[in-house]
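Okay, here's what each chain looks like letter by letter:
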Amino acid sequence: MLLHCRRALKHTCWGTLLTFLSAGIVDGALLVSIPGPSPVDAKVGSNVTLRVLYTGATDPNVEWLIGTLPIATWTVGSSAPPNIPAQFDALSIENDGSLTFRSVQLEHSNTYTVRMSKSGVGTDTAMVTLRVFDVIENVSVSSEPVKVVEGASAFTLGYSTLRGEADSAKWYFDGKEITNGIHYIIGNKNLKINNPTRSDTGRYSLVLTNPFSSETIYKMINVLYGPDQPVLKADPPKMAFDSGDSLLLSCQADGDPTPSASWLFGGLTLPASQDGTLNLTDVQTSQSGVYTCVLVNEETGARLERNFTLNVYESPSGSPVCSVQGVNGDQDLQYRCQWPGGMPEAQLSFPALNDSRSWSGDFNLTVPPSQDLSGKEIICWASHPLLQRNCSITARGPVDFLPLVLPAVDSNGRLVATIVCPVSAVPAATMTWSKAGQVVSSGGRYLISPNTTLLFIKDLPLNTSGLGTYTCEASNPFGSKTSEILLLGPTISDSSLVSNQEGTVATLTWETPRTSITTGFEVQMKGPDLQSSLGGSQRRKRATEEFRTIQNKPANVSSADLGVLDPKSTYWFRVVPVAGRGQGEPSKVHRIGPRGLSGAAIAGIAAGIPCGLLLLLLLILLIVFCVCKRRRRQTRYPVSRAVEKAVTAQPNLNTPHNLLTGGLKTVEGPPDYNVHQASAERSSTLPSTVSPPPVRMATTTRQLSKTTSGFHGNVTEPMGCLGSPSVLGIVVQAVVVWSVVVAGKQWRVTFPAQISAPAGSCMVIPCSFPSPSSPQTVDVSWYQYAKYSYPMVYSKTKGREVIAKFRGRTEIVGSTGEGNCSLKINSTQVAHNAERIYVWINPNNLSGTFYEKMVTLQVTAKAAQPEMQVSGELTEGAAVRLTCSVVHTCPPSPPYISLSNHRGVLKWSHVEEGAGHSGIVLNVTYPPKSVRIHGDSSIVPPGGNVSLSCRSEANPPAGSFRWYRTVRDRRTLLYHTSESISVGDLDPRQNLFHCAAENSRGITESAAFEVIAEYAPVILPDSKCTLGNGRVSGWVLRSVLSGPVGAEDQRFYCNATNQHGEASHQLPFTADLPVKWLLAFGAAGGTLLLILLFGVFSYRKRAKRQCTDLPITDLPLKKCNRVEGEVKTDNFYENLQTLSHPRVVLDSLYTVEDAPRYQDEKKRADFEEDTYANC
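Thresholds applied
Residues numbered from 1 in each chain as written. Predicted model: local features only at pLDDT ≥ 70, side-chain atom pairs only at ≥ 80, totals over all residues. Heavy atoms only, no water. Helix = DSSP H or I, 4+ residues; strand = E, 2+ residues; numbered from the N terminus. Buried < 20%, exposed > 50% of the residue type's maximum accessible area, 1.4 Å probe, protein only. Contact = heavy atoms within 4.5 Å. Areas by Shrake-Rupley, 256 points an atom, 1.4 Å probe, with all protein chains shown as cover. Disulfide = S-S within 2.5 Å. Core = buried A, V, L, I, M, F, W, Y, C linked by side-chain atoms within 4.5 Å. Phe/Tyr/Trp six-rings, centres within 6.5 Å; stacked < 30°, edge-to-face > 60°. Lys NZ or Arg CZ within 6 Å of the ring centre and 35° of its normal. Pairing = 2+ DSSP bridges. Axes fitted to C-alpha atoms, helices over the stretch in contact; angles between N-to-C directions. Patch = residues over 30% accessible without salt bridge, like charges linked within 9 Å, V, L, I, M, F, W, Y side chains within 5 Å. Salt bridge = Lys/Arg side-chain N within 4 Å of Asp/Glu carboxyl O.

Draft legend 1. Structural context of the overall build of the protein. Scanning the protein for helices and strands turns up seven helices and 87 strands. Burial analysis of the protein (1175 residues in total) assigns 36% to the buried set. Across the protein, the fraction of contacts at a sequence separation of at least 24, relative to all contacts at a separation of at least 6, is 61%. Within the structure as shown, the protein displays about 67300 Å² of accessible surface, and the carbon and sulfur contribution to it stands at 53%.

Next up, the structure:
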């Protein structure tokens, strides 16, 4: 009962408040206000009303003013017409005091004041601004000045409109809005750009807007500049050009527009291409000079000139030549350097002579012959603008030399001998000839060559008057040298005969003394005639007892092949030297054919019989000694297999040796002069036999037990006295050593056939021979091969006899006692190139001649090229192994190897002596990088196409491409796989393109490239018109329009236009109910609400009296529904109100307080009685 009474009281209070509000507001203070937005915008020709609201008075006086000028006066509710001056006949006052403009014009834009007054209440005013706009049309932007040049103080962009004004103007440069600053100054209808540069070139945009229209216009500004500083260059790029060369002179400069270029030379304009390239072919020295490039900007008239100096020279022919000669009676030295020709001539100088003078073409410098200059290399530096060369000359006194004799026969058959003194001296030495102390001069049988190095002896008699000792003395400013030569008659110093295994062919070889006068040889034989062919059946003649000549050989031949021989016959051969018409003593006679024991064999037998008897006697004595001695058990030493092999490996001493028996002899000092022959003087290779296998000896000491193996058998019985190692072992070893000594250990010298090294480096010729079996002194010498002399290259004991080019430069590396004959040549020179040298070893145990095996020296100007190898996959990020190796012949001074990297090119070089370089390009592969899209334009007109290219950096180059297009946030794969594509049908809203470049190493995708597609206006579907408070509003794109409406069925259209087209659309129109009807409906609703509240109050009052008479159990249980924090009842209140109650926490509530559930719920801690009361 108490709850119903409280609820009735609350409803009564709310009803009283609503009745008070519906009864109206009593007069109070007069208040005037302007509803809606301010300022009020209107379009030219439309009707617009300046609304006003007032409170606190009824029917006040209304006065509208412009400043202090009244334009309309009226009393609200008065039947009298408003007081409006004639000039404002387009104005009218509405019933509520509002001011209406009919067909508003631009001049109506102003600030208006409304003043309302009521007698006894007061006066109040309000102000409202009216802005009248027209549609913006025909906007143009111009530049002042028209041509914008870089470096000008400023240029101005101004705009004008044929119709309409904007309330907002914004400037943009390349899509970025421009703001006021130092560079940009935005003024009234203009934009000023100070100090324009080429970076100000671009598209400027002007956006003009007012509430009823918007217009965008573009202006492309091109800032002219240039010509900039040109780039002048010659191709090929050289400081000077040789006569006959061709070249291109280019002159390029940046500018807008591109400057035109022309060339001037000697005041004349030369024909050049449009890009400023001048082509000069077969240039001559007359074309040297200053070339002027003239650059002109055709738009601005700017002109720039730059000079280029072209140097055309003529290089001298060949290379400079250095020489030195004795002058003033060999008292002074005159150095000379010549390099004639060229334009200009080369400048020559001798800086090593401490003389600063120089000359061109031919330069002579005279100095005294001091000892410091002997052996000193003097360099002449020759400098030409095109070439840098040098030559050198080393002056030195005469060195030891060996005279040679060259015999010949003239046309009359007379013997002529030429004695040559090949002295080496700089300047050339002058020879003085003598015989037996008497000076020889030209005349009679003697003739001396102009250079005095040759002595010709005509009709040489082979007696003491012609033969004998001749002396030549060589002298120059540094000293003199003397040498002698003993002329001998025709003589054979040695000869030998070797046949093949079948005995059908024999080779006779011979040697002559170096100074013998020999013009030919007669090969003679005794015995049966030679057969014409093998197996011939011709009848053989009977052997003769006299020698007969079968072959004649010239002087340069030292062998003869004899055949075909009958193996069953015996032949005798000899050779006779010939000098002109005279002959010398024949050589010894050589026999070939079947024979008995040789003399050596007989001697061996004779020596072997007593030795055998002596050995047998020793064995008998040992046996007797052992039998008589007390027997004891000892281990017997059998003959070792090694000893057996050594014994069985003895060569057949009767087998002919494979080399000539007339080999080199072991002598102290230089070799025999009669040995050497030129390669052309020797016959073909002699038939060879199988050389005996080498003998290998080893000595092993080991403690033996009674049971031993590894010998001829297993011996387990005790050894007798014959097995005593003290006697029998010594005897066996003596026999073995004796057999080895008899066999003779032959030396075999080993060294390469040729060896190379760069000039200025060192060269080690590896040489080895079997080390001596017994301690002995081994002398190793090296010689240069020559036809008639023995030039010494190295000698430990005769260093002064080493020829000049090797003197002080050679040495033996290693120990000769250990079989090392390696020769080191320091500071190699180009003069050493192609020289052939050989080794001489004393004592000489080498069968044959040493010079038959020679090493050829190869001296190069540059070092050997390094060899490089790359292992591993050349992929970016992977590890590879680079190997650099170089062959060198100077182990004491190995080359230095360095590594350098020049933009992906790895190079090694060794620069210890000379310089050798080699490079390898590493082709490193990697996936595409810097993938990007390049487009010919990012803004495309309607219906146009855009050309796109996918660019990337990759190795190997990308060969496959994928293209993606995103439209309205949806990405699709295009059916294009080429690098460049052309795409049309662009979407006006969104066009994003991606490309992916792919090669064998991977695939990479580019960033998005946006293409803007321009299009004609499209009016959006959600554009609309609504009527509210008697006004029409519409939204078209970004434009908003509003204005009065005369009738509810009025039609409204939206028109949009740009450079690509126009669009028109009828806007849907929705009219709101007028305000007066809303007030009427509001009053009716308030009255109905009061009636309902009164009814509810009466009903509750009656129900209050019935509450005590109803039993609790008879009350229906009604459930309250919880809906999002609000409580609704199931009775008629749910149609009238919704009470917000944020404290509701129960899922179910009940409307009867006395119900059993109500009592249980009341006991809860969070029970709230008001929650139930509200239900």
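Draft legend 2. Structural context of the state of the cysteines. As enumerated under the stated definition, the model contains seven disulfides in all. A disulfide bridge connects Cys337 with Cys380, and the sulfur atoms are separated by 2.1 Å. One quick way to see it: the torsion about the S-S bond of Cys337 and Cys380 is about -85°, and its sign makes the bridge left-handed. Taken as a pair, Cys337 in strand S31 (residues 332-338) and Cys380 in strand S35 (residues 377-383) lie far apart in primary sequence, 43 residues in all. For the pair Cys337 and Cys380, one class covers both residues: buried. The disulfide partner of Cys950 is Cys995, and the gap between their sulfur atoms is 2.1 Å. One disulfide, between Cys950 and Cys995, carries an S-S torsion of 70° and so falls in the right-handed class. Of the two residues, Cys950 sits in strand S70 (residues 946-955) while Cys995 sits in strand S74 (residues 992-999), which places them 45 residues apart along the sequence. Residue Cys950 shares its accessibility class with Cys995, and that shared class is buried.

Draft legend 3. Quick look at the environment of Ser1023. Tracing the backbone shows Ser1023 in the loop between strand S77 (1012-1013) and strand S78 (1025-1028). Distance in space between the C-alpha atoms of Ser1023 and Cys1054 is 8.7 Å, their sequence separation being 31 residues.

Draft legend 4. Focus on the nonpolar core. Ranked by size, the top nonpolar core spans 33 residues in total, and within it Ile765, Val780, Trp782, Leu823 and Val839 carry the most contacts. Within the residue set of this core, elements represented by two or more residues are strand S55 (754-758), strand S56 (763-765), strand S57 (779-784), strand S58 (792-794), strand S60 (822-825), strand S61 (836-842) and strand S62 (855-860). For this core, the element with the highest residue contribution is S61, accounting for five residues. Formed by 27 residues, the second largest nonpolar core is a distinct cluster that contains Trp64, Ala72, Trp74 and Val76.

Draft legend 5. Fine view of the packing of aromatic side chains. This structure, assessed with the given rule, holds eleven aromatic pairs. Here the aromatic rings of Phe101 and Tyr112 are separated by 5.2 Å at their centres, their planes lie at 65°, and the arrangement is edge-to-face. One end of the pair, Phe101, is in strand S8 (residues 99-101); the other, Tyr112, is in strand S9 (residues 110-118), with eleven residues separating them in the sequence. Each member of the pair Phe101 and Tyr112 is classed as buried. A connected cluster of aromatic rings, assembled from ring pairs, spans Tyr335, Phe350 and Phe363. If you follow Lys929 out to its NZ or CZ, it ends over the ring of Tyr926, 5.2 Å from the centre.

Draft legend 6. Seen up close, the side chain of Arg809. Within the secondary structure, Arg809 is located in the loop between S58 and strand S59 (810-813). In this structure Arg809 touches Lys824, Ile825, Asn826, Ser827, Gln829 and His832, once residues within four positions along its chain are discounted.

Draft legend 7. Region of the structure containing the sheet that holds S31. Spatial ordering of the open sheet is given by S30-S31-S34, a layout of three strands whose pairing is antiparallel. Both edges of this open sheet fall to strand S30 (321-327) and strand S34 (362-367), since each of them pairs with a single strand only. Averaged over all pairs of adjacent strands, the angle between their axes in this sheet comes to 20°, without regard to strand direction. Judged from the six bridges that link them, S31 and S34 form a sheet pairing that is antiparallel. Bridging from a neighbouring strand, Leu333 pairs with Val367 of S34.

Draft legend 8. Highlighting a nonpolar patch on the surface. On the surface, a cluster of nonpolar side chains totalling about 520 Å² of accessible area is made up of Leu614, Leu615, Leu617, Leu618, Leu619 and Leu621. Tracing the backbone through its elements, the reader meets Leu614 in helix H2 (residues 599-628).

Draft legend 9. View of the sheet that holds strand S38 (residues 415-420). Across the sheet, four strands lie side by side as S37-S38-S42-S41; this open sheet has antiparallel pairing. Looking at strand neighbours, the two that pair on one side only are strand S37 (404-409) and strand S41 (446-448), the edges of this open sheet. Put simply, the sheet's adjacent strands are angled 20° from each other on average, direction ignored. The sheet contact formed by S38 and strand S42 (residues 454-458) spans five bridges and is antiparallel. Opposite Ile419, over in S42, you have Leu455 as the bridge partner.

Draft legend 10. Spatial organisation of the pattern of salt bridges. Under the criterion given, the structure shown has 19 salt bridges. Ionic pairing is found between Arg336 and Asp362, a salt bridge with its closest N-O pair at 2.7 Å. One end of the pair, Arg336, is in strand S31; the other, Asp362, is in strand S34, and 26 residues separate them in sequence. Under the relative-accessibility criterion, Asp362 is labelled partly exposed at 29%. Between Glu1005 and Arg971 there is a salt bridge whose closest N-O contact spans 3.0 Å.

Draft legend 11. Representation of unusual backbone geometry within the structure. The residue after Glu144, namely Pro145, is reached through a cis peptide bond having omega 0°. Relative to the elements of secondary structure, Pro145 occurs in the loop between strand S11 (137-144) and strand S12 (148-149). The omega torsion of the bond from Gly226 to Pro227 falls at 5°, within 30 degrees of zero and hence cis. Counting through the fold element by element, Pro227 comes out in the loop between strand S20 (223-224) and strand S21 (231-235). The phi dihedral of Asp282 falls on the positive side, at around 50°, and the residue is not glycine.

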